[in-house]
Amino acid sequence: MRKPSLTREEVLDAAARLVKRDGPAALTMRKLAAELGTAVTSIYWHVGNRESLLDALAARTVADLGAITPRGTTPAARIVSVARTLRRELLDRPHLVAMVHERGLTERMFLPAQRVLVHEVHAAGLRGARAAEVVRAVQFQVVGYVLVERNRERAPVQSPGEQELWDTETAEHDQALARALARPVDPERLFTVSVRALVDGLLGAGQGRAPSP
């Protein structure tokens, strides 16, 4: 039975899998052809040379990060949902995001998510510099968390670990605090709590309460 013709999207799908698994340096035309069970010349036919392939992957990553749909019944809830989705998308494709950054497309990559945030901030009644502050604060919160999480993942095993460092005395005799800080971090929950507090504070400040210094 004759094998169906290869498509450009199938080539990009396979290339994205290789980059996500092994990093951009591991992406060669020969490896990609082997992954697809085809000839190297077929890869060149569909995507051009390696630089053209990397450009196409970067463009598709930018497009993927732009497909964020807010969820929730209030502007605050919808802004938090955008932040949570953006964090997960960035964590899911670190090598592809790094490749986008190296090609000078970082600002372009974040623009679609920023536009979604702008819409929700406007729905909350904010305009101008205050609205811009909320959009940027949420973006920085997401990127900051992603960087911290990536650094924790790459860090060597700590000795002593948090479970050994926190005791009643270290926690100023707050036993519940010591127990909580000794437990492993739940990044998803911590991110959600912090971004909700950030959004509630910024939207509240924009509705008449003076922001904290």
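Structure shown above.
Criteria and thresholds
Residues numbered from 1 in each chain as written. Predicted model: local features only at pLDDT ≥ 70, side-chain atom pairs only at ≥ 80, totals over all residues. Heavy atoms only, no water. Helix = DSSP H or I, 4+ residues; strand = E, 2+ residues; numbered from the N terminus. Rg over C-alpha atoms; globule rule 2.2 N^0.38 Å. Axes fitted to C-alpha atoms, helices over the stretch in contact; angles between N-to-C directions. Parallel < 35°, antiparallel > 145°, perpendicular 65-115°, else oblique. Contact = heavy atoms within 4.5 Å. Nonpolar A, V, L, I, M, F, W, Y, C, P; charged D, E, K, R; others polar. Expected span 1.5 Å × (residues − 1). Bend = angle between axes of the 7 residues up to and from the residue. Buried < 20%, exposed > 50% of the residue type's maximum accessible area, 1.4 Å probe, protein only. Core = buried A, V, L, I, M, F, W, Y, C linked by side-chain atoms within 4.5 Å. Arc of directions from axis to C-beta. Phe/Tyr/Trp six-rings, centres within 6.5 Å; stacked < 30°, edge-to-face > 60°.

K.L.:
Kindly report on the overall build of the protein chain, identifying the contributing residues and their values.
P.N.:
A tally of helices and strands in the protein chain yields 11 helices and 0 strands. Seen in sequence order, the protein chain has helices and strands lined up from the N terminus as α-α-α-α-α-α-α-α-α-α-α. For the protein chain, whose C-alpha radius of gyration is 22 Å, the value lies well above the compact-globule estimate of 17 Å for 213 residues. Dimensions of the protein chain along its principal axes, counting C-alpha atoms only, are 70 × 50 × 35 Å.

K.L.:
So what's going on with the packing of helix H2 (residues 29–36) against helix H3 (residues 40–47)? Residues and values would help.
P.N.:
Where H2 contacts H3, the axes come no closer than 8 Å and their chain directions differ by 100°. On the basis of their axis angle, the class for H2 and H3 is roughly perpendicular. Here H2 contributes Met29, Arg30, Leu32, Ala33 and Leu36 to the contact with H3, which in turn contributes Val40, Ile43, Tyr44 and Val47. The residue inventory of the contact of H2 with H3, partitioned by class, reads 8 nonpolar, no polar and 1 charged.

K.L.:
Give a detailed account of helix H7 (residues 106–123), specifying residues and quantitative values.
P.N.:
One turn of the α-helix equals 3.6 residues, which is why residues spaced by three or four share an orientation. Helix length check: H7 (18 residues) gives 26 Å between terminal C-alpha atoms against 26 Å at 1.5 Å per residue, within 8%. Of all the bends in H7, the largest measures some 35° and sits at Pro112. Within H7, the full set of buried residues consists of Thr106, Met109, Phe110, Pro112, Ala113, Gln114, Val116, Leu117, Glu120 and Val121. Those residues of H7 hidden inside the fold are in contact with helix H4 (50–65), helix H5 (75–92), helix H6 (94–102) and helix H8 (128–154).

K.L.:
Tell me about the nonpolar core, and please be specific about residues and values.
P.N.:
A general trend in soluble globular proteins is that nonpolar side chains are found buried together. One finds Leu86, Leu90, Val199 and Leu203 to be the most contacted residues of the largest nonpolar core, which totals 34 residues. Not counting chain neighbours up to four residues away, the residues in contact with Leu86 comprise Leu65, Ile68, Phe110, Ala113 and Val142. Counting residues in hydrophobic clusters, the runner-up holds 21 residues, among them Leu6, Val11, Leu12 and Leu32.

K.L.:
Outline the packing of helix H1 (residues 8–22) against H4, listing residues and values.
P.N.:
Relative to each other, H1 and H4 sit at 85°, their axes nearing to 10 Å. Considering their axes alone, H1 and H4 lie roughly perpendicular with respect to each other. Only Leu53, Ala56, Leu57 and Arg60 of H4 make contact with H1, whose side of the interface consists of Arg8, Glu9, Leu12, Asp13, Ala15, Ala16 and Val19. Split by residue class, the contact of H1 with H4 holds 7 nonpolar, no polar and 4 charged.

K.L.:
Requested: an account of H2, with residues and values cited.
P.N.:
Among all positions of H2, only Met29, Leu32, Ala33 and Leu36 are buried. Buried residues of H2, seen end-on, are gathered within an arc of 100° and therefore sit on one face of the element. Turned more than 90 degrees off the buried face of H2, the exposed positions are Arg30 and Ala34. Contacts from the buried residues of H2 go to H1, H3 and H4. Directly after H2, the chain includes Gly37, whose backbone phi takes a positive value near 65°.

K.L.:
Outline the packing of aromatic side chains, listing residues and values.
P.N.:
Within this structure, the stated rule accounts for 1 aromatic pair. Between the aromatic rings of Tyr145 and Phe191, the centroid separation amounts to 5.1 Å while the plane-to-plane angle is 80°, which identifies the pairing as edge-to-face. In this pair, Tyr145 is assigned in helix H8 and Phe191 in helix H11 (residues 187–206), connecting sequence segments 46 residues apart. The class of Phe191 is buried, set by a relative accessible area of 0%.

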